[in-house]
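# Report on the structure
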Amino acid sequence: MNSKNNPNRPVNINGSSSNAAPPPRKRRSLAWLWWLIAAILLLVIIVPSLLAEAITDWMWFGSQDLADVYTTRLWLALAVFAGALIVGLVFLLANWMVALRASRPATLYEGQQDPMSRGTMRWIAIIAAIVLAFFMALAVAGEWPTILLYLKGGSFGQTDPLFHNDIGFYVFELPFYRLLRGWALVLLVMAAIGTALVYLASNYEQLSRRFTGQVTMGPGGRRVVVNPVAGPPIRLPQSVEVHMTILGAIFLLLLAVGYWLDRFDLLYSSRAVAYGAGYTDVNAKLPAITIMLVIALAMAVLLLINLRVRTWKLLAGALGLWLLALIAVDNIYPAIIQQFVVKPSESQMETPYIENNIAATRAAFGLDKFHEQEVPAVTSITREQIDENPNITNNIRLWDYRPLQDTYGQLQSLRSYYSLDGVDIDRYTLGGVQRQVMLAPRELNSDNLAENIRTWENVHFRYTHGYGLAMSPVNEIQGEGLPELLIKDIPPVSTYPELQVTRPEIYYGEATDQYVFVNSSEIQEFDYPVGDTNKLTRYEGKGGVAINDLFTKILFAARFGDGNILISNYVTDGTRVLYHRNIRDMVETLAPFLLYEDDPYMVLSGGKLYWIMDAETYTDRYPYSTPYDGSSLEFNYIRNSVKVVIDAYEGTATYYVIDPTDPIVNAYRGIFPDLFKDISEMPPGLIPHLRYPEGLLDVQARMYSTYHMTDPQVFYQKEDVWALPAANSQDHTASTLVPPEAYYVNIQLPGESKVDFMLIQSFTPSTKDNMIAWMAAKGDPNDYGKVEVIRYPKQELVFGPKQIEARIDQDPVISQQLTLWSQSGSNVIRGNLLTIPISNTLLYIEPLFLQANNSSFPELKRVIVATGNSVGIGSDLNEALDVAFKLKPGEVIPGGDTGTPNPNATPVPTLPPGATVTPGGTQTAQTAEQLTQSALDHYNRAQDALRNGDWTTYGEEIDAMKADLDQLAQITGVPIPTTIP
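The next subject is the overall build of the chain. When its secondary structure is counted, the chain shows 25 helices and 39 strands. A separation threshold of at least 6 residues defines the contact pool for the chain, and within that pool the share at least 24 residues apart is 66%. Total accessible area computed for the chain in this model is approximately 45,500 Å², and 57% of it derives from carbon and sulfur atoms.

Structure representation (structure tokens):
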């Protein structure tokens, strides 16, 4: 046969046969040029913005005297990125270059060419390695907190009950090992895939000619492959086998490392009745994982041995054993143990593991530090006992923060661009007496500027800050149901010298988002309105970053994407730019590794305004501790370790460590020594205003509702689960409930002699409404952080919030009052029901607010008081107490008593001449109260008849109600409406 026509005739590796036709010349594509232009444009747009943000953030950290915090994070992230990039790039390129060199076939056949030139394949490998290594390095650099905690983490001083490792191993070290193993595994898989692709691409022609042939149509239209190209058997070079074998062995070693780490993950198992390793995990799953680990190591060794003995039988047997173990040992065997060994006697088998879970969860959430005491269920209380506790009664919160926010907005916003959002509660010593107060800062919201003045100049140069605050006592009512303001107006007017505000400007706050420029030589800032003119000012603080040159201008123009900064005449030398002005954005930029409370609060101290934010450390790696499931962020350990104080004028944030026993905050403190200070360094004027955080107590209360049970059998049966009682909606006509809320009160605990500022939360049994316990977290400096739990005997009844609400609804005077108010053009708003411990019993307080339908001006009109056996309503707390204790009769106020002129309103009825009050608190016959109640009874019966279609009874009851109202009008002198509902 002529070799010219032999398709299998070998040719020199460097060329084809002399009589082979040269391949047609391909037209070069310009696609690469367009890709290059797009990449350059992308770099030109994105890189300067990223650099500008990084540099200006460094400047901002420097303005906080925390440049070292930024550089520590930056240099660590860069070091990790560079290290991961170099290791990843070297590993990928080393594998792919070796593959390129080893994969080229020794012989080519006539008509065969490399599917791709060596140079092209080399460049593709280099580019792919750079891209993959870059993104993998970027991902691991973002895990800098994990790496830092590994470097600086210490001991918890506690060990887990299964492996007996310190808790610090699981919180600080294990996440790092997981990160390292995961990154190495992904890198190895990418390298192996790339290596396989190189080998396939380099031998594509051989594989194609070996396994393909001519396709023709056979009988019935079926496709048939005929004349496969015959050729010598394909044999990869020995170097290729060695390469892939080594990669396979490394993969198996990483698989074994994963099994070793999986052993510790049993401590976070959710298989058993309690979180953490249970009987099946310890006695079945753990041995199974150990077996899988040994098999993986054996497979790695056998794979390497195979390079010498060159037989795949041992490896195939090991692989089969691994698959069998994966199915039978790792999955089926634990399921059998769980089903047939554990479940028949689950409570007994799981008892030691339930004990582990209870102990770990209580320790992780700080529940083991709670002090519990049981007190008798005393339901009776006298007016004398209440009067003996003026420090409590004088600080009972009557104003609910929700309607008060609307009232503040109407009374004290003063201009549309001011807002008083977020009413807080605190305590101040005024005239030598501690008083509970409510307050709201007056922040400036540039979004509320009138359209014609919301210009770029006004938003960023003139309207730069809020001004002052409103403050009122929690329990005082002025005039027609308004708060008694202790601080009001602009400039702030204070009724006590302790409340003088000397620096009222608020440049940093909760509603402050815009960046602004201050200290421009060309323009002054708006300070506050004065009649038809405005008071102007200049910023005297050191907040923000000074703009002193064109380069800084360019940086901020790039950061904010605002070209006006470059061309504006107002940005002059010495102008300062204030940004990160939203205090939540500020603290999350400074320390993103902490968990911050949702409700920062403002404090007035020394004439200046400060924000205080609570911050918690947390982790989800505490062994055996049940995770909290009430948040999108999963954690099973939490500590309120940090108080953040932010100067509302200067914008400086200071982090004070309040819990030095927390190992996590100590680790962060070792990383960022300049960021954290001791609580002893906090200004003395701020210490009395610290309070226990609401968010933390809510988490602890929800966990405690189950984990107050420390007996494993009681826990297993869930015999004594508690619940947090929900409250009625503010709309008294609605049947919906609002989530339970803890609240701050001044109370005296049973067995103690002094009144403390505390945050309290109530508990009820999970399926009932009576109160079973309540907890109080102390906020005063000497006892800060102590939590007391007061429990009542299970066999005695103490009314819970919902039961008290039901008693209030069923009280005829209150029910009638609510009905009449709602029918007279007013909206009744029910405030938060407060449970006030006093003299070993409970006093329940609920304020009532009235709001006209055409107004957003809620006014505090009535206070409801309930005890274990009585309910009363009055215009203030004292009157409500008098009514509750039968010292004064309850009166109904028909009409809309909203405190504003209302032509439809009717005056308050008075007792008719000669009417008396009996010892039981009711009037004699023919009194206003009895006639009003009778009219209401007839009205209710009329409505029942109407629903039943009984028109005769309906008419009779309406006539009877009309008669009662006529008589009521005669004895009170108040005419009744001409239209009867």
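What follows picks up the thread again.
Two measures describe an aromatic ring pair: the distance that separates the ring centres and the angle between the ring planes. Taken as a whole and assessed by the stated rule, the structure comprises 49 aromatic pairs. Pairing tryptophan 144 with phenylalanine 672 gives two aromatic rings, centres 6.4 Å apart and planes at 80 degrees, and the pair type is edge-to-face. Of this pair, tryptophan 144 sits in helix 4 (residues 144-152) while phenylalanine 672 sits in the loop between helix 18 (663-671) and strand 27 (676-678), placing them 528 residues apart in sequence. Across this residue pair, the class does not change: tryptophan 144 and phenylalanine 672 are buried. Ring centres 5.7 Å apart and planes at 70 degrees place the aromatic pair phenylalanine 156 and tyrosine 637 in the edge-to-face group. Of this pair, phenylalanine 156 sits in the loop between helix 4 and helix 5 (167-202) while tyrosine 637 is found in strand 25 (residues 637-647), placing the two residues 481 residues apart along the sequence. For phenylalanine 156, a relative accessible area of 13% gives the class buried. The ring of tyrosine 649 is capped by arginine 503, whose NZ or CZ atom sits 4.1 Å from the centre of that ring.

Attention now moves to unusual backbone geometry. Across the junction of isoleucine 490 and proline 491, the peptide omega takes the value -10 degrees, indicating a cis bond. On the secondary structure map, proline 491 appears in the loop between strand 14 (487-488) and strand 15 (493-494). Its identity is not glycine, yet histidine 164 carries a phi of approximately 60 degrees, on the positive side. As for its placement among the helices and strands, histidine 164 is situated in the loop between helix 4 and helix 5. Look at histidine 164 and you get exposed, because its relative accessible area is 56%. Phi is positive for lysine 718, which is not a glycine, with a value near 55 degrees. Relative to the elements of secondary structure, lysine 718 occurs in the loop between helix 20 (712-717) and strand 28 (722-723).

Ordered by their spatial adjacency, 3 strands build an open sheet running 17-21-20, and the pairing between neighbours is antiparallel. What marks the edges here is a single partner per strand, and that holds for strand 17 (516-518) and strand 20 (545-547). Strand-to-strand twist across the sheet, computed as the mean angle between neighbouring axes with direction ignored, equals 35 degrees. Pairing between strand 17 and strand 21 (residues 575-578): 3 bridges, direction antiparallel. For valine 518, the partnering residue across the bridge sits in strand 21 and is arginine 576. Running at roughly 120 degrees to strand 20, helix 15 (residues 550-560) makes contact with strand 20 and strand 21 of the sheet.

Counting 233 residues, the largest nonpolar core has Val644, Tyr655 and Phe676 as the members making the most contacts within it. When residues no more than four places from it in sequence are discounted, the contact partners of phenylalanine 676 are Phe593, Leu594, Val642, Tyr655, Val657, Val665, Tyr668 and Arg669. With 10 residues, the next largest nonpolar core counts Leu449, Val459, Tyr467 and Tyr528 among its residues.

A few words now on the pairing of strand 25. The buried count for strand 25 comes to 11 of 11 residues, which makes it a mostly enclosed element. Here strand 25 folds back onto strand 26 (residues 653-657) in antiparallel fashion, the turn holding 5 residues, of which glycine 651 has a positive phi close to 80 degrees.

Compared with an ideal rise of 1.5 Å per residue, which puts 14 residues at 20 Å, helix 19 (residues 694-707) spans 19 Å between its outermost C-alpha atoms and is within 8% of the ideal. With respect to burial, helix 19 is a largely interior element, 10 of its 14 residues being buried. Looking at helix 19, one finds that the buried residues are Leu696, Leu697, Val699, Gln700, Ala701, Met703, Tyr704, Ser705, Thr706 and Tyr707.

What follows concerns the confidence of the model for the chain. Residues with a pLDDT of 70 or more make up 82% of the chain, whose mean pLDDT is 83. Segment residues 1-20 is flagged for pLDDT under 50; beyond a separation of four residues in sequence, or across chains, it makes 34 contacts in the model. A low-confidence stretch, residues 895-926 stays under pLDDT 50, and its non-local contacts, those more than four residues away or across chains, total 56 contacts.

Turning to a nonpolar patch on the surface, a few remarks are in order. Among the surface-exposed residues, Trp123, Ile127, Val131, Phe134, Phe135 and Leu138 lie close enough to one another that they form a single nonpolar patch of about 630 Å² accessible area. Checked against the element boundaries, valine 131 lands in helix 3 (residues 118-141).

The next thing to look at is the pairing of strand 18 (residues 525-530). Most of strand 18 sits out of view: 5 of its 6 residues are buried. For strand 18 and strand 19 (residues 533-537), the ladder comprises 5 bridges, and the chain directions are antiparallel. Each bridged residue has a counterpart across the sheet, and for valine 530 the counterpart in strand 19 is threonine 533. Taking the residues between adjacent antiparallel strands as the criterion, strand 18 and strand 19 are bridged by 2 residues, where glycine 531 takes a positive phi near 60 degrees.

Attention shifts here to the pattern of salt bridges. This model, assessed by the stated rule, comprises 35 salt bridges. Of the charged contacts, one joins lysine 369 and aspartate 368 as a salt bridge, the two residues approaching to 3.5 Å between their closest N and O atoms. Accessibility expressed as a relative area gives 35% for aspartate 368, which makes it partly exposed.

Right, let's talk about the packing of helix 4 against helix 18 for a bit. Each packed pair of helices is defined by two parameters, the angle between the axes and the distance between the axes. For the pair helix 4 and helix 18, interaxial distance at closest approach is 9 Å and the crossing angle is 95 degrees. Put simply, helix 4 runs roughly perpendicular to helix 18. Contacts between helix 4 and helix 18 involve Leu148, Leu149 and Lys152 from the first element and Ala667, Tyr668, Gly670 and Ile671 from the second. Each residue belonging to the contact of helix 4 with helix 18 can be placed in one class, and the counts come to 5 nonpolar, 1 polar and 1 charged.

A separate point is the environment of leucine 188. For leucine 188, the position within the fold is in helix 5. Accessibility expressed as a relative area gives 3% for leucine 188, which makes it buried. Residues leucine 188 and phenylalanine 91 lie 97 residues apart in sequence; the distance between their C-alpha atoms is 8.4 Å.

Here we come to the environment of tyrosine 333. Secondary-structure assignment places tyrosine 333 in helix 9 (residues 313-342). When its relative accessible area of 37% is taken as the criterion, tyrosine 333 is described as partly exposed. Linking tyrosine 333 and threonine 280, residues 53 residues apart in sequence, is a C-alpha distance of 9.5 Å. Those residues within four positions of tyrosine 333 in sequence are excluded, and the remaining contacts are Asn283, Ala284 and Ala328.

Right, let's get into the side chain of asparagine 389. Looking at where asparagine 389 falls in the secondary structure, it is placed in the loop between helix 11 (383-387) and helix 12 (390-393). Residues in contact with asparagine 389, not counting those within four places in the same chain, are Gln748, Ile838 and Ser839.

Our focus in this paragraph is the packing of helix 7 (residues 238-265) against helix 8 (residues 279-309). Closest axis-to-axis distance for the helix 7/helix 8 pair is 9 Å, and the angle between their directions is 165 degrees. The orientation of helix 7 relative to helix 8 falls into the category roughly antiparallel. Crossing of helix 7 over helix 8 shows left-handed handedness.

Moving on to the environment of leucine 162. Secondary-structure assignment places leucine 162 in the loop between helix 4 and helix 5. Assessed through its relative accessible area of 21%, leucine 162 is described here as partly exposed.

Cut-offs and rules
Residues numbered from 1 in each chain as written. Predicted model: local features only at pLDDT ≥ 70, side-chain atom pairs only at ≥ 80, totals over all residues. Heavy atoms only, no water. Helix = DSSP H or I, 4+ residues; strand = E, 2+ residues; numbered from the N terminus. Contact = heavy atoms within 4.5 Å. Areas by Shrake-Rupley, 256 points an atom, 1.4 Å probe, with all protein chains shown as cover. Phe/Tyr/Trp six-rings, centres within 6.5 Å; stacked < 30°, edge-to-face > 60°. Buried < 20%, exposed > 50% of the residue type's maximum accessible area, 1.4 Å probe, protein only. Lys NZ or Arg CZ within 6 Å of the ring centre and 35° of its normal. Pairing = 2+ DSSP bridges. Axes fitted to C-alpha atoms, helices over the stretch in contact; angles between N-to-C directions. Core = buried A, V, L, I, M, F, W, Y, C linked by side-chain atoms within 4.5 Å. Expected span 1.5 Å × (residues − 1). pLDDT = per-residue confidence, 0-100. Patch = residues over 30% accessible without salt bridge, like charges linked within 9 Å, V, L, I, M, F, W, Y side chains within 5 Å. Salt bridge = Lys/Arg side-chain N within 4 Å of Asp/Glu carboxyl O. Parallel < 35°, antiparallel > 145°, perpendicular 65-115°, else oblique. Nonpolar A, V, L, I, M, F, W, Y, C, P; charged D, E, K, R; others polar. Left-handed = near helix turned anticlockwise from the far one by under 90°.

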